[in-house]
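# Results of the structural survey
Chain by chain, the residues:
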Amino acid sequence: KMIVIAKSLALDINGITSENRDVIPVGIDLVKFSPRKNSNLKKSLGEQNYKGIIGTVARLSKEKYLDYILQLANIMRDYFFIIVGDGPEEKSLKGKTKELNLENIQFAGFRKNTEEYYNIFDAFILSSKMEGTPISIIEAMASGALILTSNEEMSRYLGEYKKELIFDYGNPADLAGKVARIMSW
């Protein structure tokens, strides 16, 4: 038998059927990733003049489509954006941030204390087009952040709000509208 973390994984492997595949979802530490106030980190960021904090935690690589978050930050200059993580696209993303003159975005780099960042995010965006079961979105949900994703696989966790919380690529203005609406909830 093959063990996978999401039903959608291993469907394209010859010989793997639902009979010889078991799904064991990812587990996370709900004590570590739980809603709590973290005003010290928030104050240290100096973001007090913004309407809210929108963040993501991801490996900075092409498949994560973090350029989309830069496009969103360009449209929503009255919100503060934090990208936590590092990877091969870091230099390129920072260069684009400078080109766009985005002062409302911060690259926090690799962090072992991601739970502290989730707790200051008013909204969390998963910008990758495809994921199996993204641990970052589960951690963000456990931490109490509002979630926005293009990942249909995650829709089962989003309940009645999934139409507002799942976005289509190619229209950052539409996503900006969704962010503004959910931030007013």
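Refer to the structure printed above.
Keep in mind the model is a prediction, meaning the values are calculated, not measured.

## Examining the environment of arginine 21
Positionally, arginine 21 belongs in strand S2 (residues 21-23). When the C-alpha positions of arginine 21 and methionine 2 are compared, they lie 4.7 Å apart, and in sequence the two are 19 residues distant.

## A short note on the packing of aromatic side chains
The final tally for this structure, using the stated rule, is five aromatic pairs. The interplanar angle of 45° and the centroid separation of 5.3 Å between the aromatic rings of tyrosine 50 and phenylalanine 80 together place this pair among those described as tilted. Of the two residues, tyrosine 50 sits in the loop between helix H1 (39-45) and strand S3 (53-57) while phenylalanine 80 sits in strand S4 (residues 80-84), which places them 30 residues apart along the sequence. Taking the relative accessible area as the measure of exposure, tyrosine 50 reaches 24% and is therefore partly exposed. On the accessibility criterion, phenylalanine 80 (5% relative accessible area) is buried. A connected cluster of aromatic rings, assembled from ring pairs, spans Phe33, Tyr118, Phe121 and Phe124.

## Describing the nonpolar core
Among the nonpolar cores identified, the biggest contains 26 residues, and Leu72, Phe81, Ile125, Leu148, Leu175 and Val179 are the most heavily contacted of them. Going through the elements one at a time, helix H2 (67-75), S4, strand S5 (105-109), strand S6 (123-126) and helix H7 (172-183) are the ones with two or more residues in this core. The greatest single-element share of this core, amounting to five residues, is contributed by H2. Leu41, Phe80, Tyr118 and Ile138 belong to the second-largest nonpolar core, a separate cluster that totals 21 residues.

## Observations concerning the pairing of S6
Across the two faces of S6 the burial is the same, with Ala123 and Ile125 and Phe124 and Leu126 all buried. Relative to strand S7 (residues 146-149), S6 runs parallel, the two being bridged by four bridges. Each residue of the ladder has a partner; that of phenylalanine 124, found in S7, is isoleucine 147.

## Let's talk about the side chain of glutamate 139
Along the chain, the position of glutamate 139 falls in helix H5 (residues 135-142). Nearest to the buried, unbridged glutamate 139 among oppositely charged side chains is lysine 32, at 6.7 Å. Ignoring any residue separated from it by four or fewer positions in sequence, one finds glutamate 139 in contact with Ile28, Phe33, Thr114 and Tyr118.

## Some words on the packing of H2 against H7
One can describe the packing of H2 onto H7 by two numbers: an axis separation of 9 Å at closest approach and a directional angle of 65°. Here H7 runs roughly perpendicular to H2, going by the angle between their axes. The two elements H2 and H7 meet at a crossing, and its hand is right-handed. Packed against H2, whose contacting residues are Tyr68, Gln71, Leu72 and Ile75, the element H7 presents Pro172, Ala173, Leu175, Ala176 and Val179 at the interface. For the contact of H2 with H7, the residue count by class is eight nonpolar, one polar and no charged.

## Concerning the environment of asparagine 40
Its location among the elements puts asparagine 40 in helix H1. By relative accessible area, asparagine 40 is classed as exposed at 62%. Separated by 80 residues in sequence, asparagine 40 and isoleucine 120 have C-alpha atoms that sit 9.9 Å apart.

## As for the sheet that holds S7
If you walk across this open sheet you meet the five strands as S5-S4-S3-S6-S7, and the pairing is parallel. Edge strands, defined here as strands with exactly one partner in the open sheet, are S5 and S7. Recorded for the sheet is a direction-independent mean angle of 25° between the axes of neighbouring strands. Strands in contact with H5 are S3, S6 and S7; relative to S6, the strand with the most contacts, it is inclined by about 170°.

## A look at the pattern of salt bridges
A complete count under the given rule lists five salt bridges for this structure. We note a salt bridge from glutamate 63 to arginine 59, for which the minimum N-O separation is 3.6 Å. For lysine 96, the salt bridge goes to aspartate 67, with nearest N and O atoms at 2.6 Å. Taken as a pair, lysine 96 in helix H3 (residues 90-99) and aspartate 67 in helix H2 lie far apart in primary sequence, 29 residues in all.

Each value, and the rule that gives it
- Residues numbered from 1 in each chain as written.
- Predicted model: local features only at pLDDT ≥ 70, side-chain atom pairs only at ≥ 80, totals over all residues.
- Heavy atoms only, no water.
- Helix = DSSP H or I, 4+ residues; strand = E, 2+ residues; numbered from the N terminus.
- Phe/Tyr/Trp six-rings, centres within 6.5 Å; stacked < 30°, edge-to-face > 60°.
- Buried < 20%, exposed > 50% of the residue type's maximum accessible area, 1.4 Å probe, protein only.
- Core = buried A, V, L, I, M, F, W, Y, C linked by side-chain atoms within 4.5 Å.
- Pairing = 2+ DSSP bridges.
- Lys, Arg positive; Asp, Glu negative; His and termini not counted.
- Salt bridge = Lys/Arg side-chain N within 4 Å of Asp/Glu carboxyl O.
- Contact = heavy atoms within 4.5 Å.
- Axes fitted to C-alpha atoms, helices over the stretch in contact; angles between N-to-C directions.
- Parallel < 35°, antiparallel > 145°, perpendicular 65-115°, else oblique.
- Left-handed = near helix turned anticlockwise from the far one by under 90°.
- Nonpolar A, V, L, I, M, F, W, Y, C, P; charged D, E, K, R; others polar.

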